[in-house]
Amino acid sequence: MFLVLEKFEKKVSEDFLAYLLKEYEISKEVPSITRVYSEEKLISEKRNEVESKKSKLYHSEILAIEDAKNSLKTKLLTNSILLTTLEPCIQCSGAIILSQIPRVIYFAEQTRFLGISSLSVEMIYRNNFFPKISFYEDEKISNLIKEFFKNKRNIKETI
């Protein structure tokens, strides 16, 4: 089972990266897309809506988790994999842990704020749940994120 899962993760990661690069061109939001898979089926796919909703609560991870729980009519996502562009922030990490998502894969590290990789083991174990977290470094994604924020800063400077 574990080898099949690893093979599945590689396939969905490659598909996800190709999709993200295509979607980046049309997005006005932070280029963060999150997918939730359950039993190797795509259950939810969401993008950041922070800018359009004018609220920091509309991260793609939170939206995808809520959508997946609603679709599966469940409170916990114990048989799920979450793929996301950016390392989940502290807010999203809380949602991941409380939803008991056992597998999290991300492609760009947090560089300005704390993320899921910075959570203390004690904090995670207090909730009696420890997800397997993987960072797959992808130069295209890292450059895309850097370019997005550089362009955003340049727009603010010209206003």
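Refer to the preceding data block for the structure.
Structural notes on the sheet that holds strand β1 (residues 33-38)
Here's step 1: With respect to topology, five strands assemble into an open sheet ordered β2-β1-β3-β4-β5, the strand pairing being mixed. Looking at the sheet topology across the chains shown, the edges are occupied by β2 (41-47) and β5 (132-135). The average undirected angle you get between the axes of adjacent strands in this sheet is 15 degrees.
Here's step 2: Strand direction decides the pairing type here: β1 and β2, joined by six bridges, are antiparallel. Bridge pairing in β2 links Y37 to L42.

Things to note about helix α3 (residues 60-72)
Here's step 1: The terminal C-alpha atoms of α3, which comprises 13 residues, lie 18 Å apart, in line with the 18 Å expected from a rise of 1.5 Å per residue.
Here's step 2: Among the structural elements, β1, β2, β3 (80-86) and α4 (90-98) are those in contact with the buried residues of α3.
Here's step 3: Where α3 ends, the next residue or the one after it, K73, has phi of about 55 degrees, a positive value.

Regarding the pattern of salt bridges
Here's step 1: Within this structure, the stated rule accounts for four salt bridges.
Here's step 2: A salt bridge links K53 to E49, with the shortest nitrogen-to-oxygen separation between them at 3.9 Å.
Here's step 3: On the basis of relative accessible area, E49 is assigned to the partly exposed category, the value being 25%.
Here's step 4: Here the residues in one salt-bridge network are R35, E45 and R47, joined through shared partners.

Points about α4
Here's step 1: Taken together, the buried positions of α4 are occupied by C92, S93, A95, I96 and I97.
Here's step 2: At the C-terminal side of α4, Q100 shows a positive phi close to 55 degrees.

Cut-offs used in this document
- Residues numbered from 1 in each chain as written.
- Predicted model: local features only at pLDDT ≥ 70, side-chain atom pairs only at ≥ 80, totals over all residues.
- Heavy atoms only, no water.
- Pairing = 2+ DSSP bridges.
- Helix = DSSP H or I, 4+ residues; strand = E, 2+ residues; numbered from the N terminus.
- Axes fitted to C-alpha atoms, helices over the stretch in contact; angles between N-to-C directions.
- Expected span 1.5 Å × (residues − 1).
- Contact = heavy atoms within 4.5 Å.
- Salt bridge = Lys/Arg side-chain N within 4 Å of Asp/Glu carboxyl O.
- Buried < 20%, exposed > 50% of the residue type's maximum accessible area, 1.4 Å probe, protein only.

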